Amino acid sequence: MSGAFGLAPRLFARVFPFHILLDSEMRVVQSGRVVYRLNPKLTPGSLFGDSFEVQRPQGVSSFDSFSEHRADLFVLRARESGMILRGGMEVDDREGRIVFLGEPWVQEFSEAKALGLSMGDFPVNSPIPDFLLNQHTLRVTLRDSTKLSQELQREIEAKEEYERLLKSSNTDLQHFARIAAHDLRQPLRTLTGFGSLLVDKIGAELDEESRDYLDTMIAGAARMGRLIDGLLAFSRVSTDGGEFVPSDFNTIIGGVRDALRAALTESEGRLTWDELPTVLVDPRQISQVLQNLVSNALKFHRAGEPPRVHVSVEKQAGSWHFSVRDNGIGIDPRFAEKVFVIFQRLHVRGVYPGEGVGLSIVQRIVERHEGKVWFDSQPGCGSTFHFTLPE
Amino acid sequence: MYGLVNKAIKELISTQFGEEQWTVIKAKAGVDIVEFVSMQPYPDSISYDLVGAASEVLGTSASDLLEAFGEYWVLFTGAEGYGELMNMSGDTLFEFLGNLNNLHTRVSLTMEGLSPPSFDCVDVTATSMDLHYRSVRAGLAPMVVGLLRGLAKKFKCELSIEHKESKADGADHDVFALRLG
């Protein structure tokens with residue numbers, strides 16, 4: 001090695017654009033190009049104290065006191081521009097000189113720009129631009145987070161409002177159900193009761209046409225009673241739902257078969273099923289779903305062909321997919337929307353009995369379980385009703 | 001790419017073509033993100049899919065759209081709080097372009113995983129230079145043209161741009177000959 005590496009004054013000035021070199025009388029010997037540009041009073045020979053005050057450490061003004069604090073972090077404040085410089089003092093005791101090496105302390109791009117600083121003023125290796133960029137990034141992230149948090153709060157409030165309306169609507173529905181159950185039923189009972197009395201009392205004396213009128217009136221009242229029952233059952237899916245408990249579907253479908261034994265015998269039908277899982281459901285309502293689907297399959301069977309109904313299951317990602325397949329008359333896919341609408345019937349009442357409530361109840365119960373229900377079918381080729389339930 | 005880029009795409013489409021078009025384009029691109037977070041990295045495919053869907057829905061070529069986006073990017077980043085950073089990066093277009101590499105290097109240190117492009121200024125005179133653009137991403141040269149137009153507006157200067165060499169035509173990278181006045 002031929003000697004230690006030393007910086008020529010011009011190179012030193014370029015590498016340290018914010019340096020200030022002072023003599024033992026605290027007069028400026030030289031300064032970096034940027035600190036000088038921003039503090040034009042910092043001319044050689046001028047007093048350092050005319051341009052800057054030392055904010056930290058406190059009580060430092062003379063060469064000796066600077067020398068005593070050579071290991072401290074210095075904070076200088078430019079008297080005119082207000083610019084803050086942070087850095088350290090290197091003391092050359094032999095030459096009687098002090099050099100301040102530091103950089104401006106700024107926390108925002110706008111602050112730096114207001115002081116008259118540009119990117120080119122910082123040495124390439126300076127961490128200050130990176131610090132400013134980091135600060136800005138944090139601010140942008142905080143702003144985005146605040147915005148997202150506000151949006152989330154708005155959504156929570158909207159959901160709470162929706163839940164409040166839903167609760168109120170459910171209360172109305174329960175109220176309506178009570179009215180339907182008691183208040184509407186009473187006049188119907190009066191109508192059918194007095195109608196029957198009339199038949200008993202004067203039925204034999206009436207001509208055929210008058211008797212037909214009376215029968216139609218009583219049948220109409222009876223049907224209205226059934227419609228009210230259907231409406232009540234439909235509304236009670238939400239209001240009278242039970243708890244979700246682990247339920248063995250083999251037991252449930254066995255119960256359905258027992259409940260429909262008469263219909264199975266009468267139609268010479270057969271209900272079969274695969275090994276079924278245990279799922280967290282309201283067992284009473286799921287029993288209702290299966291009973292409605294199987295009962296429909298038995299009802300809509302093809303003339304001369306005994307109904308065959310099979311229940312199967314398939315495990316999917318996060319859910320169970322149940323299928324109830326029959327060999328019945330099938331459904332035209334054009335009626336896909338209509339099938340699940342309450343009181344919608346696809347057939348003439350005299351041919352297939354019912355009020356069009358069963359499938360709408362099925363849909364409502366499955367939706368209460370956060371599942372989906374649909375069917376695929378072709379007229380004359382049987383139907384398969386599918387429903388999913390969360391695992 | 002960072003969310004900032006996708007936010008800019010959203011802003012450009014929403015402000016110039018309407019909020020509804022943005023909803024259509026987002027759906028067509030299969031993007032179901034409600035709000036992009038500026039400093040969160042997202043797969044590049046999201047930005048490409050958005051540009052592709054926008055091109056289809058708006059009936060504009062991807063190249064024209066990218067050029068418009070490049071021009072808008074200058075406005076957008078300024079409005080998003082990067083204006084002072086840009087202001088600090090140069091008082092003239094050529095000074096700014098000279099600092100662009102350092103700017104992107106610093107940004108890449110702050111934003112983890114970012115792969116910013118590089119811009120080298122070659123044969124620089126007071127009124128002309130060759131700008132060498134290199135990027136790991138394909139097909140974004142039209143965006144650079146838009147960026148240069150946007151910057152020329154910002155620095156209030158007349159700029160002519162000639163795409164001298166194109167990576168799409170087999171060159172090693174893209175080179176733009178720039179002339180002021």
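Conventions used here
Residues numbered from 1 in each chain as written. Chains lettered and ligands numbered in written order. Predicted model: local features only at pLDDT ≥ 70, side-chain atom pairs only at ≥ 80, totals over all residues. Heavy atoms only, no water. Buried < 20%, exposed > 50% of the residue type's maximum accessible area, 1.4 Å probe, protein only. Helix = DSSP H or I, 4+ residues; strand = E, 2+ residues; numbered from the N terminus. Pairing = 2+ DSSP bridges. Axes fitted to C-alpha atoms, helices over the stretch in contact; angles between N-to-C directions. Left-handed = near helix turned anticlockwise from the far one by under 90°. Contact = heavy atoms within 4.5 Å. Nonpolar A, V, L, I, M, F, W, Y, C, P; charged D, E, K, R; others polar. Buried area = accessible area lost by both parts, 1.4 Å probe. Salt bridge = Lys/Arg side-chain N within 4 Å of Asp/Glu carboxyl O. Polar contact = N/O pair within 3.5 Å; in protein donor to acceptor, adjacent residues only side chain to side chain.

### Regarding the pairing of strand β11 (residues 319-326) of chain A
Residue and element names in this part refer to chain A.
Next up, step 1: Counting buried residues along β11, 7 of its 8 residues qualify, which places the element largely inside the surrounding structure.
Next up, step 2: Where strand β10 (residues 308-316) meets β11, 8 bridges bridge the pair, whose relative direction is antiparallel. Bridging across to β11, Q316 finds its partner in S319.
Next up, step 3: Counted along the chain from β10 to the antiparallel partner β11, the turn is 2 residues long, and its residue G318 has a positive phi close to 80 degrees.

### A short note on the packing of helix α10 (residues 283-299) of chain A against helix α11 (residues 358-368) of chain A
All names here are of chain A.
Next up, step 1: Axis separation between α10 and α11 bottoms out at 9 Å; the angle between their running directions is 145 degrees. In this structure, α10 meets α11 at a crossing whose hand is left-handed. Along the contact surface, α10 presents Q285, I286, Q288, V289, N292, L293 and N296, while α11 presents G358, L359, I361, V362, I365, V366 and R368.
Next up, step 2: Its residues assigned to classes, the contact of α10 with α11 shows 8 nonpolar, 5 polar and 1 charged.

### A word on the interface of chain B and chain A
Next up, step 1: Counting from both sides, the interface comprises 21 residues of chain B and, opposite them, 25 residues of chain A.
Next up, step 2: Here chain B packs against chain A, burying approximately 2000 Å² in sum over the two surfaces, 61% of which is carbon and sulfur.
Next up, step 3: Contact with chain A buries area across many residues of chain B, yet M88(B), R106(B) and T110(B) alone supply 38% of it, more than any other trio.
Next up, step 4: Linking chain B to chain A there are 5 salt bridges.

### Observations concerning the sheet that holds β10(A)
All names here are of chain A.
Next up, step 1: Spatially, 5 strands are ordered β8-β10-β11-β13-β12 in an open sheet, and the strand pairing comes out mixed. Of all strands in the sheet, those bounded by a partner on one side alone are β8 (270-273) and β12 (373-377). Ignoring which end each strand starts from, the neighbouring axes of this sheet average 20 degrees apart.
Next up, step 2: Across the sheet, helix α8 (residues 249-259) touches β8, β10, β11 and β13 (383-390), and the angle it forms with β8 is around 180 degrees.

### Side note on the side chain of N250(A)
Residue and element names in this part refer to chain A.
Next up, step 1: Tracing the sequence through the fold places N250 in helix α8.
Next up, step 2: A distance of 3.4 Å separates the side chain of N250 from the side chain of E275, its partner in a polar contact.
Next up, step 3: Within the structure, N250 has its side chain in polar contact with the backbone oxygen of L276 (distance 2.8 Å).
Next up, step 4: Residues in contact with N250, not counting those within four places in the same chain, are W273, D274, E275 and L276.

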